[in-house]
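# What the coordinates show
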Amino acid sequence: MKRKQFIKTTSAAMVGSMLTPMVSCKTDTKQATKSKEVLQRTNWAGNYTYQADTIYEPKSVDEVQQLIKKLDIQKALGSTHCFNNIADSPKNQISTKKLNKVIELDKANKTLTIEAGARYGDFAEMLHKEGFALHNLASLPHISVAGACATATHGSGVNNKNLAGQVRSVELVKPDGSLSTLNREHPDFAAVVVGLGAFGIITKVTLMLQDTFEVQQDVFLDLPLESVTSNFEDIMSSGYSVSLFTDWQDNKVSEVWVKRKVSQEMADLDNDFYGATPAKKNIHPIVALDAVNCTEQMGVPGPWYDRLPHFKMGFTPSAGEELQSEYFVPREHAVEALLAIEKMKDEIFPHILISEIRTIAADNFWMSPCYKQDCITIHTTWKQKPKEVMALLPKFEEALAPFNTKPHWGKLFTIDAETLQARYERHSDFVALAKKYDPEGKFKNGYLTKNIY
Ligand SMILES: Cc1cc2nc3c(=O)[nH]c(=O)nc-3n(C[C@H](O)[C@H](O)[C@H](O)COP(=O)(O)OP(=O)(O)OC[C@H]3O[C@@H](n4cnc5c(N)ncnc54)[C@H](O)[C@@H]3O)c2cc1C
């Protein structure tokens, strides 16, 4: 799509007078099987089949308002990248797939307003060409902005907050169909942005921008575990965004990805990186896989949007045949937590594809796992063996329990509701506010009922 099209302000294309035709999944299962793309009957990984009877794909805010008013039980559906039932509904899903336009690039105030279903990759290149950047991105750019923020999705960086941290304001269609704009000064902002879909449907998001920057990505291989435990803070601070990849075997981290902002003052990284050696070609997080889908490495400078994610926008990151879990641990317990998981290496090995360790800075979002707490995350991509993985997760969680671990809202976990809720200081405030916004529980689903209220 051309740049001009991206930065067009809201116009005729946004004005829809007709209510979007609904796609009934119940009556057309044949088509649902054939055309998962259109009907979105499963999530991205294919491990969860949505139970909602009906999916709507509104093309305008007005259509969203009409739908919300009309329907009793419903839930927003973004780009379907969660691994659990968080985006499901017992009745209706409202997909934001067609709400993906760029509304306004405000150069003077350094903000970008987009429709909530836009994916980061849809506008990142345009932003760079216009001289702007976002502070960070997740490992892949294919996720919707509102869906990512709703679950506190993050990238890495000791000083980088999760992606919700770059939100300036949101436009929300509330359960009665009315519109509200909440900016950072609004008392409910910190609950609604990382809102787990509980407050209504976010239709627009305004993101805060910074001047564009270039990043170079260097990968190092075979970092001794002993180096990680002795130098954790230094290693994770060696770049703007650093990731460690490991399958927990052989007392080492198999790869260190160091993403550094390009500047005149930057020095070359040592060839001996805490005992790890520089990769001689682009590398996939799983060493044995082809790196063709990965963003450029080998210290080649490039725009932020083509280096901060691990995977390129133009490629599907993998077949989707995987499962993911991710646990947040307060940063001061990083080394203890890593060693606790390392002890499980033999149990983990048959089921793991790869783990990734990242850092995220503290924020103020009530349901963010990083609420007032700098964290590390221990992410694991598992083989798609649900029975085995679900049996292993309680052990993983038990090993991390001494550190009050919190799971990623969009991934697999088994921590019981009582334990989970006790780990969120603002949980009861969140519930009270969700009930105030949605007294009839229009946006409740099985996930919220089980885990939140
Ligand atoms: C391959 C892969 C890589 C990933 N990498 C990362 C990573 O690097 N870092 C990380 O933290 N996570 C990562 N994730 C997890 C992912 O970022 C989250 O699951 C995220 O929530 C996905 O966004 P989505 O739009 O697909 O959400 P969906 O699954 O569609 O929805 C998630 C939640 O958001 C709500 N929601 C969606 N849109 C709206 C809206 N407009 N208004 C209100 N509520 C809304 C839904 O109701 C639901 O509660 C990854 C997932 C995959 C599959």
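Definitions and limits used
Residues numbered from 1 in each chain as written. Predicted model: local features only at pLDDT ≥ 70, side-chain atom pairs only at ≥ 80, totals over all residues. Heavy atoms only, no water. Domains from an automatic or database assignment. Contact = heavy atoms within 4.5 Å. Buried area = accessible area lost by both parts, 1.4 Å probe. Polar contact = N/O pair within 3.5 Å; in protein donor to acceptor, adjacent residues only side chain to side chain. Buried < 20%, exposed > 50% of the residue type's maximum accessible area, 1.4 Å probe, protein only. Helix = DSSP H or I, 4+ residues; strand = E, 2+ residues; numbered from the N terminus. 1 Å grid on protein atoms, 1.4 Å probe; cavity = no way out; pocket = protein on both sides within 12 Å on 5 of 7 lines; lining within 4 Å. Points joined across faces, edges and corners; volume = space filled by probe spheres on them. Nonpolar A, V, L, I, M, F, W, Y, C, P; charged D, E, K, R; others polar. Salt bridge = Lys/Arg side-chain N within 4 Å of Asp/Glu carboxyl O. Near = heavy atom within 4 Å. Areas by Shrake-Rupley, 256 points an atom, 1.4 Å probe, with all protein chains shown as cover. Core = buried A, V, L, I, M, F, W, Y, C linked by side-chain atoms within 4.5 Å. Pairing = 2+ DSSP bridges. Axes fitted to C-alpha atoms, helices over the stretch in contact; angles between N-to-C directions. Parallel < 35°, antiparallel > 145°, perpendicular 65-115°, else oblique. Left-handed = near helix turned anticlockwise from the far one by under 90°.

Bringing the domain arrangement of the protein chain into the picture now. Parsing the protein chain into structural domains produces domain 1 (21-95), domain 2 (102-211) and domain 3 (214-308 + 315-408). Averaged C-alpha coordinates put domain 2 and domain 3 at centres separated by 24 Å. Facing 36 residues of domain 2, the contacting portion of domain 3 comprises 30 residues. Overall, the association of domain 2 and domain 3 removes approximately 2600 Å² of surface from exposure, summing both partners, and the carbon and sulfur fraction of that is 61%. Sorting the residues of domain 2 by area buried against domain 3 places His154, Ser156 and Val158 first, and these three jointly supply 25% of that buried surface. The tally of links from domain 2 across to domain 3 stands at 14 residue pairs in polar contact (both at pLDDT 80 or more).

All right, on to helix 4 (residues 61-70) then. Residues of helix 4 that are buried include every one of Val61, Glu63, Val64, Gln65, Leu67 and Ile68, and no others. In the core, the buried residues of helix 4 are packed alongside strand 2 (54-56), strand 3 (74-77), strand 4 (92-95), strand 8 (167-173), strand 9 (179-183) and strand 10 (201-208).

Take empty space enclosed by the protein next. Applying the stated rule across the entire model yields 3 cavities of 30 Å³ or more. Listing elements by their share of the lining of the largest cavity, those giving two or more residues are strand 13 (241-246) and strand 18 (352-360). Counted by class, the lining of the largest cavity contains 3 nonpolar, 6 polar and 3 charged residues. Residue contributions to the lining of the largest cavity reach at least three from each of two domains, namely domain 2 (102-211) and domain 3 (214-308 + 315-408).

We now examine the pattern of salt bridges. Taken as a whole and assessed by the stated rule, the structure comprises 18 salt bridges. One salt bridge in this structure joins Lys98 and Glu57, with 3.1 Å as the shortest N-O distance. Of this pair, Lys98 sits in the loop between strand 4 and strand 5 (102-106) while Glu57 is found in the loop between strand 2 and helix 4, placing the two residues 41 residues apart along the sequence. According to the relative accessible area criterion, Glu57 is buried, its value standing at 9%. Ionic pairing is found between Asp306 and Arg307, a salt bridge with its closest N-O pair at 3.4 Å.

Near the ligand you find 36 residues, and of these Ala76, Gly78, Ser79, His81 and Ser144 are the closest. The contact in question runs from an oxygen atom of the ligand to an N or O atom on the backbone of Gly147, over 2.9 Å. Within the contact set of the ligand, an oxygen atom lies 2.9 Å away from a side-chain nitrogen or oxygen of Thr153. Summarising the interface, the protein chains cover 98% of the accessible area of the ligand, which totals 970 Å² for the free molecule. Listing elements by their share of the shell around the ligand, those giving two or more residues are strand 3, helix 6 (145-150) and strand 10. Of the residues forming the shell around the ligand, the biggest block, 4 residues, is contributed by helix 6. In terms of residue class, the shell around the ligand is built from 17 nonpolar, 15 polar and 4 charged.

With that settled, consider the nonpolar core. Among the nonpolar cores identified, the biggest contains 108 residues, and Phe123 and Trp304 are the most heavily contacted of them. Element by element, the count of residues in this core is highest for helix 11 (residues 386-400), at 6 residues.

This part takes up the sheet that holds strand 8. The sheet built from 5 strands is open, its strands ordered 5-6-10-8-9 with antiparallel pairing. Of all strands in the sheet, those bounded by a partner on one side alone are strand 5 and strand 9. Neighbour-to-neighbour, the strand axes of this sheet turn through a mean angle of 15 degrees, independent of strand direction. Note: strand 5 against strand 6 (residues 111-115), 4 bridges, orientation antiparallel.

Next up on the list: the packing of helix 8 (residues 225-236) against helix 9 (residues 334-342). In the contact formed by helix 8 and helix 9, the axes pass within 9 Å of each other and the chain directions differ by 155 degrees. When the interaxial angle is binned, helix 8 and helix 9 end up roughly antiparallel. Once helix 8 is placed against helix 9, the crossing between them reads as left-handed. The segment helix 8 lies against helix 9, with Leu225, Val228, Thr229 and Phe232 engaging Ala334, Val335, Leu338, Leu339 and Glu342. Considering only residue class, the contact of helix 8 with helix 9 consists of 7 nonpolar, 1 polar and 1 charged.

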